Amino acid sequence: MADRVTVIGWDGSPPTAAARSALAAATLVAGAAHHLALPEVPPAAERIRLGSVTLAARRIAQHRGTAVVLADGDPGFFGVVRTLRAPEYGLEVEVVPAVSSVAAAFARAGMPWDDAQIVVAHSRDLRRAVNVCRAHPKVAVLTSPGAGPAELALLLDGVHRTFVICEDLGTARERVTVLTSDKVADHVWRDPNVVIVVGGSPSGAAAQGTGWLAGTPGGEAGHPTGPRGWGLPDRAYGGALGEGESVQLRTAQLARLGPRVGDLVWDIGSGGGAAAVEAARFGAAVIAVDADPDACARAAALARRYGVQLQAVHGRAPQILEELPEPDVVRIGAGGAAVVTACAARRPERIVTHAATRDQAEALGRALADGGYEVECALLQSVELDTSVWVERERSVVFLLSGYRVPHP
């Protein structure tokens, strides 16, 4: 095992005294090509081109001597330190940090970043990063080949954002470009880079500058400046919600969907927008679809009121669904078996809907089962009481259907 492993962050500035001292004593140096070309790297030291961090960690663990790993930015922030400290390598790691590329990017943009979401984008799961950009007003994206600014912008089609694209930070080739998202795909960008994606209208603590919890806008369900909890009563959304939006049904549907950061939720037949807004308050990206333009306007207004982002789409399902990006979970408030079938064909992880009668429930359940989903059905009955005289005020009975995607054998 290496006698000592020092991980040195590099942000383009001259190495610190601690970094120079560690490099002078190194018998093995690992890093990218531009790191290994630094004059401070000892000529006699073994050099490892840092491609796979896992392979480099294995080689360092076998080395007898003093090892140094050079990495861009802060190596403890989405960097090599996590891999090197894995128990299987048995390495004792010291870190000499530098300014992270994210901090440098926000500095170049002249923006605070304590309220920003920070994600790493890979081509295999780029849509997760895109969904975070849909759902949050300020996101820093650490890109990779095949998952850069152009790919982000193309997948954000229909959602207006401003991109601050920072290339080769800290080097002579540094370039910072500000473009609207519809123009980004027209350019060729150097990999990797940092992209700040901003847009929407933050409110609450995020807008007033009084937040205290990093990365959490004021509108989210778990944030102490927003309304406490979820499954809020109808009056929180202006009252007079539709039959399929009762607080009991909405709460049960959200519990089964489990929306979370990185997800895209379809809310089809969004009605008053209560379910769409509550899903957004969990940090998920939401597309609220309704055939009524007034319903789309209400959903958008509610989102602004609660400080969350959602995309309201006017159109009739199932036809309009062909134009939408792939969902993770789907709530169907209206549309019947035809909409269930269309949604099942897109293979979201979960689908929830409801029915007023047993015959309707059976038809929806068959559509879910035929689409490859395990079906759960529950009869929900709730009675609202007038607590001033303790008598029944309103009674509701509805069938709740949930579909859980069956994995392919």
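Residues numbered from 1 in each chain as written. Predicted model: local features only at pLDDT ≥ 70, side-chain atom pairs only at ≥ 80, totals over all residues. Heavy atoms only, no water.

Caption draft 1: Broad picture of the overall build of the protein chain. Within the protein chain, the regular secondary structure consists of 14 helices and 17 strands. Projected onto its principal axes, the C-alpha coordinates of the protein chain cover approximately 85 × 50 × 50 Å. For the protein chain, the residues scored as buried account for 49% of the 409 residues in total. In the protein chain, of all internal contacts separated by at least 6 residues, the share reaching a separation of at least 24 is 60%. A total of about 19300 Å² of accessible surface is found on the protein chain, and carbon and sulfur atoms cover 53% of it. Of the side chains in the protein chain, 39 bear a positive and 44 a negative charge, and the two mean positions are spaced by 3 Å. (Helix = DSSP H or I, 4+ residues; strand = E, 2+ residues; numbered from the N terminus. Buried < 20%, exposed > 50% of the residue type's maximum accessible area, 1.4 Å probe, protein only. Contact = heavy atoms within 4.5 Å. Areas by Shrake-Rupley, 256 points an atom, 1.4 Å probe, with all protein chains shown as cover. Lys, Arg positive; Asp, Glu negative; His and termini not counted. Charge placed at Lys NZ, Arg CZ, Asp CG, Glu CD.)

Caption draft 2: Representation of the layout of surface pockets in the model. A volume near 1400 Å³ is recorded for the largest pocket. Lining the largest pocket are 45 residues; nearest its centre among them are Asp72, Phe78, Ser101, Thr143 and Pro192. Among the secondary structure elements, those contributing two or more residues to the lining of the largest pocket are helix 2 (33–36), strand 4 (66–72), helix 4 (81–84), helix 5 (101–109), strand 8 (162–167) and strand 10 (193–198). With 5 residues, the single largest contributor to the lining of the largest pocket is helix 5. Residues that form the lining of the largest pocket fall into these classes: 21 nonpolar, 15 polar and 9 charged. In this structure, the second largest pocket spans a volume of roughly 410 Å³. Lining the second largest pocket are 17 residues, with Asp234, Ser246, Gln248, Glu384 and Glu394 positioned closest to its centre. Elements with a contribution of two residues or more to the lining of the second largest pocket: helix 10 (247–257), strand 16 (373–386) and strand 17 (391–405). Here the lining of the second largest pocket takes 4 residues from strand 17, the largest share from any one element. Taken together, the residues of the lining of the second largest pocket break down into 4 nonpolar, 5 polar and 8 charged. (1 Å grid on protein atoms, 1.4 Å probe; cavity = no way out; pocket = protein on both sides within 12 Å on 5 of 7 lines; lining within 4 Å. Points joined across faces, edges and corners; volume = space filled by probe spheres on them. Nonpolar A, V, L, I, M, F, W, Y, C, P; charged D, E, K, R; others polar.)

Caption draft 3: Spatial organisation of the pairing of strand 10. Most of strand 10 sits inside the fold, with 6 of its 6 residues counted as buried. Pairing analysis gives 6 bridges linking strand 8 to strand 10, with the strands arranged antiparallel. Across the sheet, residue Ile165 finds its bridge partner in strand 10, namely Val195. (Pairing = 2+ DSSP bridges.)

Caption draft 4: Inspection of the sheet that holds strand 9 (residues 175–180) at higher detail. Read from one edge to the other, the open sheet built from 5 strands follows the order 6-7-10-8-9, with strand pairing classed as mixed. Every other strand in the sheet has two partners, leaving strand 6 (117–120) and strand 9 as the edge strands with one partner each. Strand after strand, the sheet turns through a mean of 20° between neighbouring axes, direction not considered. Note: strand 8 against strand 9, 6 bridges, orientation antiparallel. Pairing of Ile165 across the sheet is with Thr177, part of strand 9. (Axes fitted to C-alpha atoms, helices over the stretch in contact; angles between N-to-C directions.)

Caption draft 5: View of unusual backbone geometry. Along the chain, Asp191 connects to Pro192 via a cis peptide bond; the corresponding omega equals -15°. With respect to the element layout, Pro192 can be found in the loop between helix 8 (181–184) and strand 10. A cis amide bond links Ala317 to the next residue, Pro318, at an omega of 10°. One non-glycine residue, Asp168, lies in positive phi territory at about 50°. Phi is positive for Trp390, close to 55°, though the residue is something other than glycine. Residue position: Trp390 is located in the loop between strand 16 and strand 17.

Caption draft 6: The sheet that holds strand 11 (residues 264–268), seen in detail. Pairing within the open sheet is mixed, and its 7 strands lie in the order 13-12-11-14-15-17-16. Each having just a single partner strand, strand 13 (311–314) and strand 16 make up the two edges of the open sheet. Averaged over all pairs of adjacent strands, the angle between their axes in this sheet comes to 20°, without regard to strand direction. Pairing geometry for strand 16 and strand 17, over 14 bridges, is antiparallel. Within the sheet, the bridge partner assigned to Glu384 lies in strand 17 and is Glu394. Each of strand 11, strand 12 (285–290) and strand 13 is contacted by helix 6 (residues 126–135), which is oriented at about 70° to strand 12, the strand it contacts most. Its contacts with the sheet put helix 10 on strand 14 (329–332), strand 15 (350–355), strand 16 and strand 17, and the angle it makes with strand 15 is roughly 160°.

Caption draft 7: Region of the structure containing empty space enclosed by the protein. All chains considered together, the criterion is met by 2 cavities of 30 Å³ or more. Quantified by volume, the second largest cavity comes out at close to 40 Å³. The element that contributes the greatest number of residues to the lining of the second largest cavity is strand 16, accounting for 3 residues. Across the lining of the second largest cavity, the residue classes break down as 3 nonpolar, 5 polar and no charged.

Caption draft 8: Seen up close, the side chain of Thr143. Mapping Thr143 onto the fold places it in the loop between strand 7 (138–142) and helix 7 (149–155). Among the polar contacts listed, one links the side chain of Thr143 to the side chain of Asn193, at a separation of 2.9 Å. (Polar contact = N/O pair within 3.5 Å; in protein donor to acceptor, adjacent residues only side chain to side chain.)

Caption draft 9: Region of interest: the state of the cysteines. For the structure shown, the criterion picks out 0 disulfides. The structure places no disulfide on Cys133, whose sulfur is separated from the nearest cysteine sulfur, that of Cys166, by 14 Å. On the basis of relative accessibility, which here comes to 1%, the residue Cys133 falls in the buried class. Residue Cys296 stays outside any disulfide, its sulfur separated by 16 Å from that of Cys343, the closest cysteine. (Disulfide = S-S within 2.5 Å.)

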